[in-house]
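One-letter residues, chain by chain:
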Amino acid sequence: MTMKKILLFFVALVATLSMNAQTTEIYKGATKEATYSGADVTVKFGTDSIRVSQGDVTKASYPAEYKVVSKELPPTPAGSIGKAKRTGGIDVNWVQLWEGGPKFAEYNVGATSATDYGGYYAWGGSQDKVDDHNTGSGNLTGTDDTAIMLWGNNWRMPTADELGKQDGDPYIDGLLGKCTVEWIDGINKKYNDTDAKGLLCTGKGDYATNSIFLPAAGYCEEKVVNNQGMQGLYWSSTRVSNKFANDMRFGSNGYWGVFDDPFGYCISVRAVLYEGDK
């Protein structure tokens, strides 16, 4: 491919992006190195890059061993994105990732953007990095729920099944069963052109345009935060025993799953829209 054809390709790509959602995948040989979405991204080829921004290509360098594949995504399903108020009258965007699924907030409780870590909460707690875990019985509902306490009645914590439900070994439901999940290292794979590390959960089929990013915030124990950028732990509202509750864990080594941890662990909470008790 000549350099002139490359530049024409990217100009055409940006024109298309203004009308339809697109993804651009970068391959080196048979290996997919990166996926980019949106009309304002830096497409990297090794140490070189092409900036795609509002129809302008500001740098062009395209080594021969790379291949660019552009894909048009299906329209976003009606009613699968929206916003709701949290405490303080602040709008929070939400997104639905599969048909009939919960509507996940764009960012963590205690955060202000998708890449912010947010607060670290004990199970059913409301104070950042403090073991004030719930001492009641049963699953978290009502004012025992961290999301309701801190964000108000429009929100709640997800259940364990909404994070991931298994049938034997494979996950068949929840984020881990209904979505494509991918570790983002902030170097070879980026989220919104940032160096944030975490798990990208993307819907499938008709929901392939919808995704959430879960930053790898680590965990807090005895007021000390560990494993930031390497591990993410997210509470569910589901109790396992009188000492443990379910959470979703993922890490830089490529593992993810739903496990259980002690109530006193202070970890992340990603709220979902409240549409009745679960």
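Above this text you will find the structure in question.
Residues numbered from 1 in each chain as written. Predicted model: local features only at pLDDT ≥ 70, side-chain atom pairs only at ≥ 80, totals over all residues. Heavy atoms only, no water.

Both trends apply: most residues other than glycine have a negative phi, and most peptide bonds are in trans. For E222, which is not a glycine, the phi torsion comes out positive at approximately 55°. In this structure, E222 sits in the loop between strand 16 (219–221) and strand 17 (224–226). The backbone of K223 shows a phi angle near 70°, a positive value even though the residue is not glycine. Summarising the element assignment, K223 is placed in the loop between strand 16 and strand 17. (Helix = DSSP H or I, 4+ residues; strand = E, 2+ residues; numbered from the N terminus.)

Reading across the sheet, the three strands line up as 18-19-20 and stay open at both edges, with antiparallel pairing between neighbours. What marks the edges here is a single partner per strand, and that holds for strand 18 (231–239) and strand 20 (256–262). With strand direction ignored, the average angle separating the axes of adjacent strands in the sheet is 35°. Taken together, the six bridges between strand 18 and strand 19 (residues 244–251) define a ladder with antiparallel strand orientation. For W235, the partnering residue across the bridge sits in strand 19 and is D247. (Pairing = 2+ DSSP bridges. Axes fitted to C-alpha atoms, helices over the stretch in contact; angles between N-to-C directions.)

Okay, the pattern of salt bridges next. For the structure shown, the criterion picks out seven salt bridges. Where E162 meets R156, a salt bridge forms, and the shortest distance between an N and an O atom there is 2.8 Å. Taken individually, E162 and R156 each receive the classification buried, so the pair is uniform in this respect. In this structure, D261 and R249 form a salt bridge, with 3.3 Å as the shortest nitrogen-oxygen distance. Residue D261 is located in strand 20, and its partner R249 is located in strand 19; the two are separated by twelve residues in the primary sequence. Owing to a relative accessible area of 18%, R249 belongs among the buried residues under this scheme. Through salt bridges with shared partners, one network takes in D247, R249 and D261. (Salt bridge = Lys/Arg side-chain N within 4 Å of Asp/Glu carboxyl O. Buried < 20%, exposed > 50% of the residue type's maximum accessible area, 1.4 Å probe, protein only.)

Here we come to the nonpolar core. Counting residues in hydrophobic clusters, the biggest one holds 24 residues, and the most contacted among them are W123, W151, W155, M157 and W235. Of all the secondary structure elements, the ones that give two or more residues to this core are strand 8 (90–96), helix 2 (146–151) and strand 18. Core analysis: the second largest hydrophobic core is formed by 22 residues, V95, L163, C179 and V181 among them. (Core = buried A, V, L, I, M, F, W, Y, C linked by side-chain atoms within 4.5 Å.)

Inspection of the sheet shows strand 7 (residues 81–86) paired to strand 8 by six bridges, in the antiparallel sense. Residue pairing across strands places K83 opposite N93, the latter belonging to strand 8. Between strand 7 and strand 8, which pair antiparallel in sequence order, lie three residues; one of them, G88, sits at a positive phi of approximately 95°.

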